[in-house]
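Coordinate analysis (summary)
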Amino acid sequence: MEVYFDNAATTKIIPEVRDIMLETIDTDYGNPSSVHIKGVDAEKYIKYARKSVSKELKCDPKEITFTSGGTEANNLALIGMAEANKRSGKHIITTPIEHASVYNPVLHLEEQGYRVSFLSVDSKGMVSIEQLREELCDETIIVSVMAINNEIGAVEPIEEIAGVIKEYNESSGRSVLLHVDAVQAFGKQRIYPKRIGIDAMSMSGHKIHGPKGSGALFVDSNVKIKPVIYGGGQEKGLRSGTENTAAIAGMGKATEIIYSRLDDNISKMKAVKDVLISGATQIEGVTDNSGDAPHIASLSFEGVRSEVLLHALEDKRIYVSAGSACSSNHPAVSGVLRSIGLANNLLDSTLRFSFSEFNTVEEAEYTVKVLEEILPELRRFTRR
């Protein structure tokens, strides 16, 4: 049996996505900016994808900008909004458990003279609402909080955060903006940015069975934002460069499909997660760090280094992660685990298991069985 439990890193492309991508490569391969019929045919895929994404967010298609992925979407949102609104202030509020594609742009802005405040999180990875209230000030221009943490699956109270910001804006006459990294939430929950009060929201295609190199950014039509890439003015001038029609079409199709069966998918993933956690935590020295997201489980294995256990599972054709697949360049290795106060002896003994609709309870049971077999031997080896 092969078990792929690393879906928070990337998912496999589904056949419908592959098929529409091949159409744009084999038949409708024109430049979507060209005015002849081949260009018009290519542009139809981009219009379709924009409509597909905006439909699920309940926003105007014009408020969707396609990017090369979640990383570019986060950079565009943070740097673009900071630069466009710096006359109103240069203070940014975020958290220490953000993905590197938020954390590092924020550090870049700090180097450019912006002041950055990091909200503390509790043992479950939940941000402090009270601290947010305390940090908001007349210099604050952006608050950036991820919807679902990519390492432990903490589901942040985005609606409550948006409510605090709205209340502050109304009482102060300011316009603090809320950015949400929804890369792990998009396709895993229904999230309507305009209803909630989100000003910018980042998404990625390859987390929902779309292609790598596909992403999107929602920006409310009332928000000021500057491009970070200049050129021919594609994507309403916000993201220049010839559109990757195949990737955009693939993300549009993946969005359409994933949301058409979202409730069933959530139930399937939660069932797999519950079986894995309940079985694994029966083993001595196994601790559960997981949040409420249906597709992410974080488990610590006392006495075994995460890299050693990862490769031992790999030998059994079980594929997991030792954290974010993008964390190798993060300024603090295991920064999320440190921020939630995980014991020092578990920081390098933690694995992430992440699921999709294609995983099964049987795969979870098999994984628990393998863990029961290999953990005692690995611990004996470590003690030697």
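Residues numbered from 1 in each chain as written. Predicted model: local features only at pLDDT ≥ 70, side-chain atom pairs only at ≥ 80, totals over all residues. Heavy atoms only, no water.

1. Re the overall build of the protein
To keep it simple, the criterion reads: Strands here are runs of E lasting at least two residues and helices are runs of H or I lasting at least four, both read from the DSSP assignment and numbered beginning at the N terminus. Put simply, the radius of gyration uses C-alpha atoms, and a globule should come to 2.2 Å times the residue count raised to 0.38. Exposure classes here rest on a 1.4 Å probe applied to the protein chains alone. A residue is buried below 20% of its type maximum, exposed above 50%, and partly exposed in between. Residues count as neighbours in contact if any of their non-hydrogen atoms are within 4.5 Å of one another. What sets the accessible areas is the Shrake-Rupley method with a 1.4 Å probe; for residues, cover comes only from the shown protein chains. Think of it this way: Lys and Arg go in the positive column, Asp and Glu in the negative one, and His and the chain ends go nowhere. By convention, charge coordinates are those of NZ in Lys, CZ in Arg, CG in Asp, or CD in Glu.
Assigned secondary structure in the protein consists of twelve helices and twelve strands. The C-alpha atoms of the protein give 21 Å as radius of gyration, which agrees with the globular expectation for 384 residues (21 Å, within 12%). Expressed along its principal axes, the backbone C-alpha trace of the protein runs to roughly 65 × 55 × 35 Å. The buried share of the protein, taken over its 384 residues, is 57%. Within the protein, residue pairs in contact and separated by at least 24 positions form 73% of the contacts whose partners lie at least 6 positions apart. By element, 49% of the accessible surface of the protein is carried by carbon and sulfur atoms, the whole surface being about 16,400 Å². Positive and negative charge centroids in the protein, built from 43 and 53 side chains respectively, lie 3 Å apart.

2. Some words on the pattern of salt bridges
Opposite charge on two side chains permits them to pair, given that their charged atoms come into close proximity. Applied cut-off: Salt bridges are identified by distance alone: a Lys or Arg side-chain nitrogen within 4 Å of an Asp or Glu carboxyl oxygen.
Under the criterion given, the structure shown has 17 salt bridges. Ionic pairing is found between Lys194 and Asp220, a salt bridge with its closest N-O pair at 3.0 Å. Of this pair, Lys194 sits in helix α7 (residues 193–196) while Asp220 sits in the loop between β8 (215–219) and α8 (245–260), and the two are 26 residues apart along the sequence. On the accessibility criterion, Asp220 (12% relative accessible area) is buried. For Arg380, the salt bridge goes to Glu377, with nearest N and O atoms at 2.5 Å. Here the residue Arg380 and the residue Glu377 both occupy positions in helix α12 (residues 361–383), the gap between them amounting to three residues, near one helical turn.

3. A look at the sheet that holds strand β9 (residues 286–288)
Two modes of strand pairing occur in sheets, parallel and antiparallel, and in both the strands are linked by backbone hydrogen bonds. Rules: Being paired, for any two strands, means DSSP has found at least two bridges between them. Here the axes come from fitting lines to C-alpha atoms, over the contacting stretch only for helices, and the angles between their N-to-C directions go from 0 to 180 degrees.
Strands sit in the order β9-β10-β12 across an open sheet of three strands; the sheet is antiparallel. In the strand order of this sheet, the two ends are held by β9 and β12 (350–354), each with one partner. Recorded for the sheet is a direction-independent mean angle of 30 degrees between the axes of neighbouring strands. Direction of pairing for strand β10 (residues 296–301) relative to β12: antiparallel, over a ladder of five bridges. Directly across from Leu299, in β12, lies its bridge partner Leu351. The strands that helix α9 (residues 262–280) touches are β9, β10 and β12; relative to β10, the one it contacts most, it runs at about 15 degrees. Set on the sheet, helix α10 (residues 306–315) makes contact with β10 and β12; between it and β12 the angle comes to about 40 degrees.

4. Quick word on the nonpolar core
It is characteristic of soluble globular proteins that their nonpolar side chains tend to be buried jointly. What counts is decided by this rule: The criterion is simple. A nonpolar core is a set of buried Ala, Val, Leu, Ile, Met, Phe, Trp, Tyr and Cys residues joined through side-chain atoms within 4.5 Å.
In terms of nonpolar packing, the biggest core is built from 63 residues, with Leu57, Val143, Ile161, Leu178, Met201 and Met203 touching the most fellow members. The greatest single-element share of this core, amounting to eight residues, is contributed by α8. Beyond its immediate chain neighbours, meaning those up to four positions away, Ile161 contacts Val127, Ile129, Leu132, Val145 and Leu178. In this structure, Phe5, Val286, Leu310 and Leu371 belong to the second largest nonpolar core, which totals 29 residues.

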